[in-house]
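# Observations on the model geometry
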Amino acid sequence: MKTFSYTVKDEVGIHARPAGLLAKKAKEFQSTITLEKDGKSAAATKLMAIMGMGVKCGDTVNITVEGADEDTAAAAMEEFFKTNL
């Protein structure tokens, strides 16, 4: 299991467009990717669940990656967050 934290820098947080891109990216991997913030968690492949978390600019999100390709998936997701959020 791999985990990392990321503080959202996008001024509008995780809204529809980046949430859609995030879900699409997460679906590329076999591993289960989960986002967690303030006790709420959501599967990274579920667009509405991600948006329902209400992640705003400055919020820190914990990402957990677990599965067969977790090393590759964790590295790719971390890069995705740094590039898009």
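To be clear, the structure that these remarks concern was listed above.
What comes next is a walk through the structure. It should be emphasised that the depicted structure is a prediction, and the values quoted were computed from it without experimental measurement.

The next point concerns the overall build of the chain. Counting its regular elements, the chain contains three helices and four strands. Sequence-ordered secondary structure for the chain, helices as α and strands as β, is β-α-β-β-α-β-α. In terms of C-alpha radius of gyration, the chain reaches 11 Å, essentially the compact-globule figure of 12 Å for 85 residues. Taken along its principal axes, the extent of the C-alpha atoms in the chain is 35 × 25 × 20 Å. Every one of the 85 residues in the chain was classed for burial, and the buried ones make up 39%. Look at the contacts in the chain between residues 6 or more apart in sequence, and 73% of them connect residues 24 or more apart. Accessible surface, the chain: about 4,700 Å² in total, of which carbon and sulfur atoms supply 50%. Across the chain, 11 positive and 12 negative side-chain charges occur, with their mean positions spaced 6 Å apart.

Moving on to the sheet that holds strand β2 (residues 32–37). With respect to topology, four strands assemble into an open sheet ordered β1-β4-β2-β3, the strand pairing being antiparallel. The open sheet is flanked by β1 (2–7) and β3 (40–43), the only strands paired with a single partner. With strand direction ignored, the average angle separating the axes of adjacent strands in the sheet is 25 degrees. Pairing geometry for β2 and strand β4 (residues 60–66), over five bridges, is antiparallel. Counterpart to threonine 34 in the pairing with β4 is threonine 64.

Rules used in this analysis
Residues numbered from 1 in each chain as written. Predicted model: local features only at pLDDT ≥ 70, side-chain atom pairs only at ≥ 80, totals over all residues. Heavy atoms only, no water. Helix = DSSP H or I, 4+ residues; strand = E, 2+ residues; numbered from the N terminus. Rg over C-alpha atoms; globule rule 2.2 N^0.38 Å. Buried < 20%, exposed > 50% of the residue type's maximum accessible area, 1.4 Å probe, protein only. Contact = heavy atoms within 4.5 Å. Areas by Shrake-Rupley, 256 points an atom, 1.4 Å probe, with all protein chains shown as cover. Lys, Arg positive; Asp, Glu negative; His and termini not counted. Charge placed at Lys NZ, Arg CZ, Asp CG, Glu CD. Pairing = 2+ DSSP bridges. Axes fitted to C-alpha atoms, helices over the stretch in contact; angles between N-to-C directions.

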